[in-house]
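Letter by letter, the chains look like this.
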Amino acid sequence: MDFQLHQLSTSNLASIFNAAFMDADAPEDTAFCSVKGDSLHLLVIPENDNDLIRFSNFTQLPDGLKEEDESKFFEVLNEYLNYVKVFRYRNEKDEKDRSIIFEYVYPVFKGQSISSKTLVQLVRTFEKTVLDSARIYFHAFETSRK
């Protein structure tokens, strides 16, 4: 079934993902749908005002990554990950927080629709891309430490 962006409430998104045998939830009073992928929790955020759907994953910087290598880490990931952008999350309450955000933005232009199959495929592809970042990290940083 195809949907216009304005039809994709967080509860509708949760229903789409649950129908595809993915564990999804739309917490009350939030602007996101939480999807438990095979290995990660992902957020799907419909943004009608911006004509897009945002896919996000919050995770931690790799344990072995030195502070002086952080900017190079983001540069390498953003260069090699297709479509997905990675940036540092700044927690104002905890400066030692090592969280990062993976994000993919999918535009849905006015008058266009998106199918439930495409939404499920986008979530699965996004999760795979985030998981692939570990391989990129290992290749770019771990092999040089031997």
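Residues numbered from 1 in each chain as written. Predicted model: local features only at pLDDT ≥ 70, side-chain atom pairs only at ≥ 80, totals over all residues. Heavy atoms only, no water.

**Q** Even after reading the chapter, I still don't get the overall build of the protein chain, so can you show me in this structure?
**A** Along its length, the protein chain carries 3 helices and 8 strands. Taken from N to C terminus, the helices and strands of the protein chain fall in the order β-α-β-β-β-β-α-β-β-β-α. The principal-axis extents of the C-alpha atoms in the protein chain amount to approximately 50 × 30 × 30 Å. Counting the 146 residues in the protein chain, one finds 41% classified as buried. Taking the contacts inside the protein chain whose residues are at least 6 apart along the sequence as the reference set, 55% of them involve residues at least 24 apart. (Helix = DSSP H or I, 4+ residues; strand = E, 2+ residues; numbered from the N terminus. Buried < 20%, exposed > 50% of the residue type's maximum accessible area, 1.4 Å probe, protein only. Contact = heavy atoms within 4.5 Å.)

**Q** Even after reading the chapter, I still don't get the environment of Thr30, so can you show me in this structure?
**A** Relative to the helices and strands, Thr30 resides in the loop between β2 (23–25) and β3 (33–36). A residue is classified by how much of its surface remains accessible, and Thr30, at 29% relative accessible area, is partly exposed. Considered as a pair, Thr30 and Thr10 are 20 residues apart in the sequence and their alpha carbons are 8.1 Å apart. For Thr30, the side chain forms a polar contact with the main-chain oxygen of Pro27, separated by 2.6 Å. Here Phe32 takes part through its backbone oxygen, which lies 3.4 Å from a polar atom of the side chain of Thr30. (Polar contact = N/O pair within 3.5 Å; in protein donor to acceptor, adjacent residues only side chain to side chain.)

**Q** Help me out: how do you make sense of the packing of aromatic side chains in this one?
**A** Note on aromatic pairs: each is described by the distance of the centres and the angle between the planes. Enumeration according to the criterion identifies 7 aromatic pairs in this entry. For the pair Phe55 and Phe126, a centre-to-centre distance of 6.3 Å together with 45 degrees between the ring planes defines the contact as tilted. Of this pair, Phe55 sits in strand β5 (residues 52–60) while Phe126 sits in helix α3 (residues 116–142), placing them 71 residues apart in sequence. On the basis of relative accessibility, which here comes to 1%, the residue Phe55 falls in the buried class. (Phe/Tyr/Trp six-rings, centres within 6.5 Å; stacked < 30°, edge-to-face > 60°.)

**Q** Got a minute to help me understand the pairing of β5 in this structure?
**A** The two faces of the sheet receive side chains in turn, since in a regular strand these alternate between them. Of the pairings in the sheet, the one linking strand β4 (residues 41–47) to β5 comprises 5 bridges and is antiparallel in character. Bridge pairing in β5 places Leu43 opposite Ser56. The pairing of β5 with strand β7 (residues 99–107) spans 9 bridges and is classified as antiparallel. Directly across from Thr59, in β7, lies its bridge partner Ile100. (Pairing = 2+ DSSP bridges.)

**Q** In this structure, what is going on with the pattern of salt bridges? I would like to understand it.
**A** Charged atoms that come close allow side chains of opposite charge to pair. Throughout the structure, instances matching the rule amount to 7 salt bridges. Two residues, Asp132 and Lys128, come together in a salt bridge whose shortest N-O distance is 3.1 Å. Residue Asp132 and its partner Lys128 are both found in helix α3; the two are separated by 4 residues, about one turn of the helix. Given a relative accessible area of 51%, Lys128 falls into the exposed group. (Salt bridge = Lys/Arg side-chain N within 4 Å of Asp/Glu carboxyl O.)

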